[in-house]
Amino acid sequence: MSQETILEVNDLRTSFFVEGNEVKAVDGVTFDVPKGKTLGIVGESGSGKSISALSILQLIDSPGKIVGGEINFKGDNLLKYNDNQMRKIRGNQISMIFQEPMTSLNPVYTVGQQLREALKIHRGLGKEAGTEKAVELLELVGIPSPRSRVTQYPFELSGGMRQRVMIAMALACDPELLVADEPTTALDVTIQAQILELLKELQDEFDMSIIMITHDLGVVAETCDYVAVMYCGKVVEYADVNTLFKNPRHPYTVGLLNSLPRSDVDQEELEPIHGTVPAPHEMPVGCRFAPRCPFATDLCHEKLPDLEDIGDEEQVRCWIYTDEWDGDPEVKVYEPEARTTKDQ
Amino acid sequence: MSNQQVEAAPTQPKVENPRVKAAKDFYRRLKKNVPALIGFYTILILVIFSIIGPWMLSTDPSDTDVINKFAGPSAEHWFGTDHLGRDIFTRIIHGMKLTLGIGFASVFMGAAMGIPIGIIAGYYGGKIDAVIMRFIDILLAFPGILLALAIVSILGGSLVNVTIAVAIYAIPGFARIIRGSTLAAKNLEYVDAIKALGAGDGRIIFKHILPNVLSPVIVNATLYIATAILTAAGLSFLGMGAQPPQPEWGAMLNDGRSYMRDAGHIAFFPGMAIVIVVLAFNIFGDGLRDALDPKMKK
C-alpha cells in the first residue's frame, strides 16, 4: 500500500464460547486503515463488524475472546499489550463512539463531569482545567451555549446532542484513530447528515483516521475513502469507495448494491439477496456466501476462497477472480453486476 | 464564539439545578403517599428527640425511687415507674438513642461490607462470583436471630457486639441486591463507553456503576433498619445485648415481663416504642420504594 497506514488488522479472530461451543464471530479479518482516511466496514447484522471494532480496543467481554491475529497500531501489536497499556491507548490514541447515544452516557453525571473523565484519566486535568476543556470540546462539536450545557444531565439533551457529546468525549484527548460503531443508526436522517458532516470536519481538522462501521451504504458513499465488506465474520471485499460502487466484484457486494433503490436507472422492483445468513454453528465449509450466490459452483461449496489482491488496493474473496474458476466463464469476463440484472 | 457565551450567560439562572429539581420531584411523589410521609416525619421527630431529649429531661434514667416503684402513669411519671422505681419515660427517651443508633450503625456497617462484595461479584462474574455468592448463601441459610445469637455468644454480650452481629446478618441482603443490579448495569452502553475512554475497573465500578445501582439499596436499607432494631431488641430481651442498667427497649421489655399482671405498663410502653419505630421505618421504606421507582413517575 502506497500510503502510510495507521492500523493494520491481520487475520483477526474473535470467538464466543457458549456452552462448550465456539462461535466464530470474527473469523480471520484483515484490513488496513490508511492515516487520515476513513475506512468503512459494512455488512449486515451478525456479520462481525461491531465485534471487529470492539476487538481493536479489546473491549470484548467474556464469554468472548480474541483467539488470534494481529492488530498493529502504528507498528505495535495491540494484542501483545497488557491491560494497563491498553487502558492508556483507549480514549487517548484510539477512541470509540457507540450506536446508542441515548444510553451511552451515564445518567447520574452531568455532561461536564463525563467529559472530564477522559481528561482526568489521560491528562490528569483537575476540575477547573477540565471544565474549560469540556466547554471547548462542546463548542468544537457544535453544541450551542456550551457553558450552560456542561452542567446539564444527559436526559436534558436530545439524541443528536448526546451523540455530539459522545463525539466530544471521544475527541477529548485528540485520538489518532476514531472507531465509530454505527454512530448515526439511532438518529433521524437530518441529524445523521449533520453528525456525518461534523465527523468529516473534525477528521480534516485533526488529521484523524476513522473506522466507520455501518450497514448503510449511503453513509459509506458519503463518508468513506475505503470500504471493507464483511459477511459472516470474514472480509469478502476491500476496495476504495469509488471502485466499490462503480465496479463491485464480490457477488455479495453486487447483491447489496442491487438491493438499493437507484435514481439513475428505471427499476420496477428492487433486487433482494435470496436466502438468509447461515447460523453461526452451521457455517458452510466452502465460501460462506455460496448458498445464496447465484453463481456458486461445486468449487464454491467445497473450498473457501482466500482474500486475493486483484488490482491496486483491491481485494476480493471469490473464486470467480481466480484461475481455478470452474463455472460459467462469461461471469468472469462480464463481471457479476451485468448478469444479476439480466438473469433474474 | 465569545458572543455566544455572553448570550448564554443570562439564561443560566433560569435553569434549575437538576439535583434540587430531583429532590423536589422526589418529595412531591413521597407526599402523595400519606403513610410514608407520616413514617418519614415520625422518624425525623424520633431522631431529633433522641438527640435533644436527654438534655431536656431533668431525671436520670438510672435514678431509682424505691418508694414509687410500680407506679402507674401520672403527671409526675408520664409512663409510670418500673420495679426499681426508675422513670419509664426517661428511660425510653434515653433508650431511643441506643435503639436508633444500633439500627443505623448496623445497617451502615452491613451496607459498607455488602455493597462492595455484591458489586465485585456482579461485575467480575465467573469464579469470583460463584465463591462470593456461595458464601452469601451460607449466611442466608441461618435464621437471622439465630445467626445473631451465635455471633453474640462468640463475641460476648454487649450493644457493640449486637450491632456487629446484626450488621453481619445484613450483608447478604445488600450483596444480593447490588449484585443483581450490577449484572444489569455492567452491560449498559455507558459502561462500554467509559471503558473505551480508558477507565480502569475501580473507576468503572465505584464511580460509574455504583451510583446507578444505589436506589434499591436505599430502600432496602430503610426497611432493614426496622429489622435491625427488632433483632437488636430481641437480643437484648434475651439478655444478650444491652447490659443493666442500660435503658435499651428490649431489655426494658424483659424487665417488665415478670410484672405483666400487676404492672403491665412497665412492658407496655417500651413495647409500644418498638412498634412505633419499626412501623415508621417500614411504611417509610415502602413509600420510598414507590417514590424512587421511575415507573411511578406521573
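Along each chain, residue indices are assigned from 1 in the same order as the chain's sequence is written. All chains are assigned letters beginning at A, and all ligands numbers beginning at 1, according to the order in which they are written. Local features in this predicted model are restricted to residues of pLDDT 70 or higher, and side-chain atom pairs are both shown and tallied only at a pLDDT of 80 or more, whereas totals for entire chains, interfaces and linings draw on every residue. To get the side-chain values, take all heavy atoms of the structure and skip hydrogens and water.

Q: Just checking my understanding: could you explain the overall build of chain A for this structure?
A: Secondary structure follows DSSP: runs of H or I at least 4 residues long count as helices, runs of E at least 2 residues long count as strands, and numbering of each begins at the N terminus. Check the secondary structure of chain A and you find 13 helices and twelve strands. Against the globule reference of 20 Å for 344 residues, chain A gives a C-alpha radius of gyration of 21 Å, in line with a compact fold. Partly exposed residues are those whose accessible area sits between 20% and 50% of the maximum for their type, while under 20% is buried and over 50% is exposed, using a 1.4 Å probe and protein chains only. For chain A, the residues scored as buried account for 53% of the 344 residues in total. Across chain A, the fraction of contacts at a sequence separation of at least 24, relative to all contacts at a separation of at least 6, is 64%. If you average the places of the 32 positive and of the 56 negative side-chain charges in chain A, the two averages end up 7 Å apart. In this setup the radius of gyration rests on C-alpha atoms only. A globule is expected at 2.2 Å times the number of residues raised to 0.38. Here, two residues are considered to be in contact whenever any of their heavy atoms come within 4.5 Å of each other. For the purpose of charge, His is not counted, nor are the chain termini; Lys and Arg are scored as positive and Asp and Glu as negative. One atom stands in for each charge, and that atom is NZ of Lys, CZ of Arg, CG of Asp or CD of Glu.

Q: Can you help me understand the packing of helix H4 (residues 88-124) of chain B against helix H11 (residues 265-292) of chain B in this one?
A: For any two helices packed against each other, the geometry is given by the interaxial angle and the distance between the axes. Residues and elements named next belong to chain B. Only C-alpha atoms enter the line fits that serve as axes; for helices the fit covers just the stretch in contact. Angles between N-to-C directions range over 0 to 180 degrees. Interhelical geometry of H4 versus H11 gives an angle of 35° and a closest axis separation of 11 Å. Judged by the twist between their axes, the crossing of H4 over H11 is right-handed. Between H4 and H11, the contacting residues are Ile88, Ile92, Leu100 and Phe104 on the first element and His265, Ile266, Phe269, Pro270, Ala273, Val277 and Phe281 on the second. Under the scheme applied, nonpolar residues are Ala, Val, Leu, Ile, Met, Phe, Trp, Tyr, Cys and Pro; charged residues are Asp, Glu, Lys and Arg; polar residues are all the others, including Gly. Split by residue class, the contact of H4 with H11 holds ten nonpolar, one polar and no charged. By definition, any crossing whose near helix is turned counterclockwise from its far helix by less than a right angle is left-handed, and any crossing with a clockwise turn is right-handed.

Q: Help me out: how do you make sense of a nonpolar patch on the surface in this one?
A: Residues and elements named next belong to chain B. A patch consists of residues exposed above 30% relative accessible area that lack any salt bridge, with like charges linked at up to 9 Å and nonpolar side chains (Val, Leu, Ile, Met, Phe, Trp, Tyr) linked at up to 5 Å. Using a 1.4 Å probe, the Shrake-Rupley method yields the accessible areas, and only the shown protein chains count as cover for residues. Salt bridge criterion: a side-chain nitrogen from Lys or Arg within 4 Å of a carboxyl oxygen from Asp or Glu. A cluster of nonpolar side chains, namely Tyr27, Tyr41, Leu44, Ile45, Ile48, Phe49, Ile51, Ile52, Trp55 and Met56, defines an oily patch on the protein surface of about 1000 Å² accessible area. Here the nonpolar patch gets nine residues from one element, more than from any other, and that element is helix H3 (residues 34-56). As for its placement among the helices and strands, Met56 is situated in helix H3. According to the relative accessible area criterion, Met56 is exposed, its value standing at 59%.

Q: I keep staring at the interface of chain A and chain B and nothing clicks. Help me out?
A: Interfaces are often sized by the amount of accessible area the parts lose when they come together. Opposite the 37 residues of chain A that make contact, chain B presents 25 residues. Between chain A and chain B, the buried area comes to about 2800 Å², and carbon and sulfur atoms account for 56% of it. With a closest N to O distance of 2.6 Å, B:Lys207 and A:Glu117 form a salt bridge. Here a polar contact is taken to be a pair of N or O atoms separated by no more than 3.5 Å, where protein atoms must pair a possible hydrogen donor with a possible acceptor and residues adjacent in sequence count only if both atoms sit in side chains. Viewed at the interface, chain B and chain A are joined by 13 residue pairs in polar contact (both at pLDDT 80 or more). Broken down by element, the side of chain A that touches chain B gets its largest block of residues, six residues, from helix H3 (residues 111-123) of chain A. What gets called buried area is simply the loss in accessible area from a 1.4 Å probe that two parts show on being joined, summed for both.

Q: Explanation requested: the packing of aromatic side chains in the structure shown.
A: Any aromatic ring pair is given by two values, namely how distant the centres are and how the planes are angled relative to each other. Note on aromatic contacts: the rings of Phe and Tyr and the six-membered ring of Trp form a pair at centre separations within 6.5 Å, being stacked when their planes are under 30 degrees apart, edge-to-face when over 60 apart, and tilted otherwise. A full pass over the atoms with the stated rule returns 15 aromatic pairs over all chains. Judged by centre distance (5.8 Å) and plane angle (75°), the ring pair of B:Phe104 and B:Phe281 falls under edge-to-face. Highlighted residues: B:Phe104 in helix H4 and B:Phe281 in helix H11, separated in sequence by 177 residues. Taking the relative accessible area as the measure of exposure, B:Phe104 reaches 38% and is therefore partly exposed. Their ring planes at 85° and their centres at 5.2 Å tell us that B:Tyr123 and B:Tyr124 sit as a pair that is edge-to-face. For B:Tyr123, a relative accessible area of 11% translates into the label buried. The partly exposed category is assigned to B:Tyr124, whose relative accessible area is 39%. The structure contains a cluster of three or more aromatic residues connected by ring pairs, namely B:Trp78, B:Phe79, B:Phe89, B:Phe268 and B:Phe269. One cation-aromatic arrangement involves B:Lys207 over A:Tyr109; the distance from NZ or CZ to the ring centre is 5.7 Å. In this scheme, the term charge over a ring applies when either NZ of a lysine or CZ of an arginine sits within 6 Å of the ring centre and within 35 degrees of the ring normal.

Q: Which parts of the structure should I look at to understand the confidence of the model for chain B?
A: Detail in the predicted coordinates should be disregarded across regions flagged by low pLDDT. Residue and element names in this part refer to chain B. Averaged over chain B, the pLDDT score is 84; the fraction of residues at 70 or greater is 92%. Note that pLDDT drops below 50 for residues 1-13; the model gives that stretch nine contacts with residues more than four away or on any other chain. Both scores are given for the predicted complex: the pTM is 0.77, the ipTM 0.79. Predictor confidence is given residue by residue as pLDDT, running from a minimum of 0 to a maximum of 100.

Q: What is the right way to look at the pattern of salt bridges in this model?
A: Any two side chains of opposite charge can pair, so long as their charged atoms come close to each other. Summed over all chains, the structure comprises 18 salt bridges over all chains. The salt bridge partner of A:Glu44 is A:Arg292, with a shortest N-O separation of 3.7 Å. Of this pair, A:Glu44 sits in the loop between strand S3 (38-42) and helix H1 (49-56) while A:Arg292 is found in the loop between helix H10 (251-258) and helix H11 (298-302), placing the two residues 248 residues apart along the sequence. The class of A:Arg292 is buried, set by a relative accessible area of 12%. Across the salt bridge formed by B:Arg203 and A:Glu117, the nearest N and O atoms sit 2.8 Å from each other. Of this pair, B:Arg203 sits in helix H9 (residues 201-237) while A:Glu117 sits in helix H3, each in a different chain. The class for B:Arg203 is partly exposed, based on a relative accessible area of 23%.

Q: Where do I start with the nonpolar core in this structure?
A: One recurring pattern in soluble globular proteins is that nonpolar side chains are buried together. Among the nonpolar cores identified, the biggest contains 169 residues, and A:Leu7, A:Phe31, A:Ile94, A:Met96, A:Ile167 and A:Ile211 are the most heavily contacted of them. In terms of residues, this core owes the most to one element, H9(B), which gives 16 residues. What marks off one domain from the next here is an automatic or database domain assignment. Residue assignment places this core across two domains, with domain 1 (105-167) and domain 2 (249-343) of chain A each supplying three or more. Once you skip the residues sitting within four places of it in the chain, A:Met96 turns out to touch A:Ala53, A:Leu54, A:Leu57, A:Leu59, A:Ala170, A:Leu178, A:Val179, A:Asp181 and B:Ala196. In these notes, a set of buried Ala, Val, Leu, Ile, Met, Phe, Trp, Tyr and Cys residues joined through side-chain atoms within 4.5 Å is what counts as a nonpolar core.

Q: How do you make sense of the side chain of B:His77 when you look at a structure like this?
A: Residue and element names in this part refer to chain B. By the element assignment, His77 lies in the loop between H3 and H4. We classify His77 as buried; its relative accessible area is 10%. In terms of polar contacts, His77 uses its side chain to reach the side chain of Asp87, at 2.9 Å. In contact with His77, not counting residues within four places along its chain, are Asp65, Asn68, Gly72 and Asp87.

Q: What is the right way to read the side chain of A:Arg162 from this model?
A: Residues and elements named next belong to chain A. Relative to the helices and strands, Arg162 is located in helix H6 (residues 159-171). Here Arg162 occupies a buried position and makes no salt bridge, while the nearest side chain of opposite charge, Glu100, is found at 8.0 Å. Apart from the residues within four sequence positions on either side, Arg162 is in contact with Pro101, Met102, Leu105, Pro154, Phe155 and Leu157.

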